[in-house]
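Letter by letter, the chains look like this.
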Amino acid sequence: MVSWCSRFSFLLCSLSLSLLTAGGARAADEPPGSPAPPGWSWREGHCPELPCQPAYRVRDIFPGERSAGAFFLTDVAGTLFFGSDDGLHGRELWKSDGTRGGTVLVKDIHPGPESGLPTPDPEEEPFLREPVVAVGGVLYFAADDGVHGRELWRSDGTPGGTYLVEDLRPGPESSEPEHLVAVGGRVFFHARDGVHGEELWVSDGTRRGTRLVEDIRPGPEGALFFFAAQSALGSRLFFAADDGVHGMELWMSDGTPAGTRLVEDIRPGPEGSFFDTPLTTLGGFVLFQADDGVHGGELWRSDGTRAGTRMVEDIRPGPEGSDVSGLTVVDGFVLLRADDGVHGAELWRSDGTPGGTRLVEDLRPGPEGSSPSRLTASGGHAFFRARDDLHGEEPWVSDGTRAGTHLLRDIRPGPEDSTPDEDDAPSYIFASVDGVGLFVIDDGAAIELWKSDGTRRGTVRLRETAFGASFFPGIELVVSGDTVFFNASSPDAGGELWALPRSSLDCYPWAPLVSEVPWRPVEGEGGPARLVEDLVPCTPGSRPEQLTDVRGRLFFTAEDPLHGRELWKSDGTERGTFRVKDLVPGPGDADIREMVAAGRLLFFVADVGTGRSPWRSDGTSGGTYALADLRPGPFGSEPYEMTALGDRLFFVADDGVNGRELWVSDGTRGGTHLVADVFPGSTGSYPHELTVRGGELFFLAFDPVHGSELWVSDGTSAGTRRVTELVPGDTSGTLFLQWLVVAEDGTLFFTTTDFTRNELWKSDGTAAGTVKVADLNEGTEDRQPEGLVTAGDTVYIKLWFGDGPWLWVSDGTAAGTFPLVSIDMPFEELPVPVGDSLYFVHFDEGSGRELWKTEGTPGGTHRVADLVPGHGSSSPDSLTAVGEVLLFSAYDERSGREPWVTDGTARGTRRLQDIAPGDISSYPGGFTVSDGKVFFAAETPRTGRELWTVKRSDVERR
């Protein structure tokens, strides 16, 4: 968690922390808090305003509509250096402290209207085009003063401290220094002195200390570098070069001739093994893609020795290779893009070992793949862009686990991309600042800057574009001191340098910044719902998540500035709402996830610094502890699919020996053990879709003899068996079973796919009773199941069909399986059953995106209510069954997005309460029934996002 106090004003921080320590965030053994300090009446709405300043143009360097441009943005010890053209001096070196007066020309290197700096190429990626680098407090760059040609220069930000380092190619011709990289206190770069061709040079910033490192390829041609392939490891530079004998291979240099050598001839002969892809440093080695002539382009590693240079994993067996790219370091491992020949180009992770290299998640099932790109590290996760069959290209986030990989937000609903057209912006902003992702997004109306905290709710437009800025090709973003700088254009001033205060990335609210919101001392007046407790006064709120009922006790996670996000519980009263335990003492958090109730215990996954492992809690601090460290060391066993069967917990985990297999726990350390090693060895059978029927657990798993099949377990090794073999002898791994559910009569339904056909199957739990129901393709390959849900004895299939998702229905027979209606719900959301009815969201031209209901027949499928009459949409979400009614969140023009309830009729559909009065939205979500109450998270301008509750009877009232 980022430093909270450093982001807010000292006064606000001091007052808020006083409140927190006075009782705003209690632990289990702390008494209720004392009153707020004298004169501090936050309950009356007198919270100070947080510093939410908008983005601003720093200076109109080229006055009028003409563009000055801002390029080669580089932070040098807290000062921004950049190139710009003011219309008088040409493209020259400028610097800025974020103010108009502090944005000045450093030096007119090429006097007059001619330019001293090269022209940036917007068609190239930033790492290919930037001839600049910072070393200590000095900027090194390539410039042409009109006398010496383009040579290596340096600047400390003053005219006198800006000068030519050395004229490597004497006279007006240029040595063309490029691809500058800092290694220790020196700069390595490529240059041509007119004798040696393009070779590797090094400089310490002095004439004497600037020299040719080594003539790798003697003669005028030079070493033919792959300039993207450079990475520093300690005091050494690793790079790809062609010496004319070995082809493009891996080299290393310490800056001396003796210390510059070929590391390994991975592909003997003149062809070379290297691709024009970057090297990445991880720990004590570099990772890269190479082709040894046998395995194709695969992931390799090197520590600089021949023995330590080897292929990490043959991700795609055979000569074609997996086409590795996007290597991005995240918390001790790298995330990358690779194609194993089965799943298409998807997200993978690797720690540099074969066992630690695996597919993270198949985001787009089938051979096309989701094509993840622009991976950007941000703390313990990475942001990236990808597409699936439903959403088009959108921003995603991943922490390297399946459970922690998800779409941030479907910003441009439907199959269109929210990422700007590559022809218009091939290198638009995709960056991270202080754990906040920043992206340039095209929502169909405008191209603007968005931010994300890694959650759907926290993925928002940075600011309504009052200034009308649109981004031009070659967009750059750099943090310098307390300011985020970027380049953008506006109709009145063209392309110029823009800035955003760093504090504005974390200010309230986590939504479009609106200072005109009226401040109301009382919210939620006139309705049955009430605030449980404002856990963190005068902040964006504690943001309750993962609300889970455990036999009448509500558990959830919430965050405060002192303790981070930790485990809490509540009985619906202020006194009965407290933090259970600070798993990671201090402002850090334990990354709690996968919360599930089993008997009287809460089970969950947490990471306290030793990797993710299974935990349990009885609601007390002493009764909250890790069940077992299944995989000792830093990586953790990564449990997922936590599923309750009576008082026992089933889950999938990797102990580092058996791979991902099925485990069980009775809530004690001694009673937590591996159920069965379905796929012996370190790979694992990857059990998934854990589904309870009666006293047995059914699941889908893979073994090398039978392929992907349906399994059943009673929690013992002897009682774990394969139900049947759908395709006898299929070991190809191309048939996948998905989406296992159980109907009211006990019938199991699941789908199968081999990426050319998709089928619906059913089973009574026996081999003879496991049969195909229907072919979902009907000769069409463009159909992919996205989930199953049952209502009574009927199964519904959410199926990608043509240009969008459809809802199919089946009674378990081929004749009774057919398409019902199109739906408009995100990939991760499914329709919700209430009794024998099913509720879903549907879009039509006449009424927009509204709530619909079906009884499983065309005649029994209809719109529930048109909450925004006409073409407008209420866009319902968070659909939750409460007894015989449906509770959901929806928008209308009068009240914004608030909680609604329906009995399935237009007359019986009502707004539960206007929690944030007027057209301000409270964004309710996470509805959970517990002990005669319904809990949920909602936000108001005064409290931020906090825990709310309403009597269940008030929800079910008709």
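Residues numbered from 1 in each chain as written. Predicted model: local features only at pLDDT ≥ 70, side-chain atom pairs only at ≥ 80, totals over all residues. Heavy atoms only, no water.

**Brief notes about the overall build of the protein**
Put simply, the rule is: Secondary structure elements follow DSSP: runs of H or I of four or more residues count as helices, runs of E of two or more count as strands, with numbering from the N terminus. When a residue's accessible area, from a 1.4 Å probe over protein chains only, is under 20% of the maximum for its type it is buried; when over 50% it is exposed; and in between it is partly exposed. Surface accessibility in these figures is a Shrake-Rupley result with a 1.4 Å probe; residues are shielded only by whichever protein chains are displayed.
For the protein, the count of helices and strands is 3 helices and 72 strands. The buried share among the 958 residues of the protein stands at 58%. For the protein, the accessible surface area stands at approximately 35600 Å², while carbon and sulfur atoms represent 51% of it.

**Looking at the pattern of salt bridges**
Two side chains bearing opposite charge may form a pair once their charged atoms approach each other closely. Applicable threshold: The rule for a salt bridge is simple: a side-chain nitrogen of Lys or Arg has to be within 4 Å of a carboxyl oxygen of Asp or Glu.
This model, assessed by the stated rule, comprises 40 salt bridges. Salt-bridge contacts for Arg267 lead to Glu271; the nearest nitrogen and oxygen are separated by 3.4 Å. Between Asp877 and Arg897 there is a salt bridge, with the nearest N and O atoms lying 3.6 Å from each other. You can see Asp877 sitting in strand 66 (residues 877-882) and its partner Arg897 sitting in strand 68 (residues 896-902), a full 20 residues away along the chain. The pair formed by Asp877 and Arg897 is uniform in burial state, with each residue classed as buried. Within the structure, one salt-bridge network assembled from shared partners comprises Asp399, Asp591, Arg593, Arg612 and Glu638.

**Side note on unusual backbone geometry**
Its identity is not glycine, yet Tyr686 carries a phi of approximately 50°, on the positive side. Looking at the secondary structure, you find Tyr686 in the loop between strand 49 (672-676) and strand 50 (688-693). Exposure remark for Tyr686: the relative accessible area of 32% places this residue in the partly exposed category. Unlike most non-glycine residues, Tyr923 shows phi in positive territory, near 45°. Summarising the element assignment, Tyr923 is placed in the loop between strand 69 (909-911) and strand 70 (925-930). You can call Tyr923 partly exposed: its relative accessible area is 28%.

**Some thoughts on the sheet that holds strand 53 (residues 721-722)**
Threshold: In this description, strands pair whenever DSSP reports at least two bridges between them.
Taken together, the 4 strands give an open sheet; going across it, the order is 50-51-52-53, and neighbouring strands pair in antiparallel fashion. The strands lining the two open edges of the sheet, one partner per strand, are strand 50 and strand 53. Strand direction decides the pairing type here: strand 52 (residues 707-713) and strand 53, joined by 2 bridges, are antiparallel. Its bridge partner being in strand 53, Trp711 is matched across the sheet by Arg722.

**Section: the environment of Val324**
In plain terms, the rule: Whether two residues touch is decided by their heavy atoms; if any such pair falls within 4.5 Å, the residues are in contact.
As for its placement among the helices and strands, Val324 is situated in the loop between strand 21 (310-313) and strand 22 (325-330). Separated by 49 residues in sequence, Val324 and Phe275 place their C-alpha atoms 9.8 Å apart. Here Val324 is in contact with Thr277, Gln289, Glu298, Leu299, Ile315, Leu336, Arg337 and Ala338, once residues within four sequence places are set aside.

**Quick look at the packing of aromatic side chains**
Where we set the bar: Here a pair means two rings of Phe, Tyr or Trp (six-membered ring of Trp) with centres within 6.5 Å. Their orientation is stacked below 30 degrees between planes, edge-to-face above 60, and tilted elsewhere. Remark: a charge is flagged as sitting over a ring if the NZ atom of Lys or the CZ atom of Arg is within 6 Å of the ring centre and within 35 degrees of the ring normal.
Applying the stated criterion across every chain, the model contains 12 aromatic pairs. When the ring of Phe71 is compared with that of Phe72, the centres are 5.0 Å apart and the planes differ by 85°; the resulting orientation is edge-to-face. The exposure class assigned to Phe71 is buried, which follows from its relative accessible area of 7%. Here the aromatic rings of Phe604 and Trp615 are separated by 6.1 Å at their centres, their planes lie at 25°, and the arrangement is stacked. Here the residue Phe604 occupies a position in strand 43 (residues 601-607), and Trp615 occupies one in strand 44 (residues 612-617), the gap between them amounting to 11 residues. When the ring centre of Phe333 is taken as reference, the NZ or CZ atom of Arg349 above it lies at 3.8 Å.

**Regarding the environment of Ile411**
Mapped onto the elements of the fold, Ile411 is located in the loop between strand 29 (406-407) and strand 30 (430-433). Each C-alpha atom of the pair Ile411 and Arg456 lies 10.0 Å from the other, and the pair is 45 residues apart in sequence. Setting aside its immediate chain neighbours within four residues, Ile411 contacts Glu394, Pro395, Ser418, Ile441, Asp443, Trp450 and Thr459.

**Considering the sheet that holds strand 25 (residues 358-361)**
To keep it simple, the criterion reads: Orientation is described by axes fitted as lines to C-alpha atoms, over the contacting stretch for helices, and by angles from 0 to 180 degrees between their N-to-C directions.
Pairing within the open sheet is antiparallel, and its 4 strands lie in the order 22-23-24-25. Among the strands making up the open sheet, the edge pair consists of strand 22 and strand 25. Within this sheet the neighbouring strands show an average axis-to-axis angle of 35°, counted without direction. Sheet topology places strand 24 (residues 345-350) next to strand 25; 3 bridges connect them, and they run antiparallel. Looking at the pairing, Arg349 lines up with Arg358 of strand 25.

**What about a negative patch on the surface?**
Rules: What makes a patch is a set of residues exposed beyond 30% relative accessible area and free of salt bridges, joined within 9 Å when like-charged and within 5 Å when nonpolar (Val, Leu, Ile, Met, Phe, Trp, Tyr). The sign given to each residue is positive for Lys and Arg and negative for Asp and Glu; His and the chain ends receive no count. Charge positions are represented by NZ for Lys, CZ for Arg, CG for Asp and CD for Glu.
Together, Glu744, Asp745, Asp793, Asp836 and Glu884 make up a region of like negative charge exposed at the surface. If you trace the backbone, Glu744 turns up in the loop between strand 54 (736-742) and strand 55 (748-753).

**Topic: the confidence of the model for the protein**
The following threshold applies: Values of pLDDT, which run from 0 to 100, indicate the predictor's confidence residue by residue.
For the protein, per-residue confidence averages 83 on the pLDDT scale, and 84% of positions sit at 70 or higher. Confidence drops under pLDDT 50 across residues 1-51; counting only partners more than four residues distant or on other chains, this segment forms 100 contacts. For residues 125-129, every residue scores under 50 in pLDDT, and the model assigns this stretch 15 contacts once sequence neighbours within four places are set aside.

**Some words on the pairing of strand 61 (residues 817-822)**
Pairing geometry for strand 60 (residues 804-810) and strand 61, over 5 bridges, is antiparallel. In the sheet register, Val809 faces strand 61, and the bridge partner there is Phe818. In sequence, strand 60 turns back onto strand 61 through a hairpin of 6 residues, with Gly812 there showing a positive phi of about 95°.

**Digging into the side chain of Arg616**
Our working definition: Between N or O atoms, a polar contact is any pair within 3.5 Å; within protein, one atom must be a potential hydrogen donor and the other a potential acceptor, and residues adjacent in sequence are included only when both atoms are from side chains.
Here Arg616 lies in strand 44. Here the side chain of Arg616 touches Gly667 through a polar contact of 3.1 Å, landing on its backbone oxygen. Sequence-distant contacts of Arg616, defined by excluding residues within four places in its chain, comprise Leu601, Leu602, Phe603, Phe604, Gly623, Thr624, Tyr625, Leu627 and Gly667.

**Quick notes on the side chain of Thr880**
Tracing the chain through its elements places Thr880 in strand 66. Using a relative accessible area of 17% as the deciding quantity, one classes Thr880 as buried. With residues up to four places along the chain from it excluded, the contact list for Thr880 reads Val885, Leu886, Leu887 and Phe927.

**Quick look at the environment of Asp434**
Along the chain, Asp434 falls in the loop between strand 30 and strand 31 (436-442). In the structure, Asp434 is positioned 55 residues away from Gly379 in sequence and 8.0 Å away in space, judged by C-alpha atoms. One polar contact links Asp434 to Arg502, side chain to side chain, over a distance of 2.7 Å.

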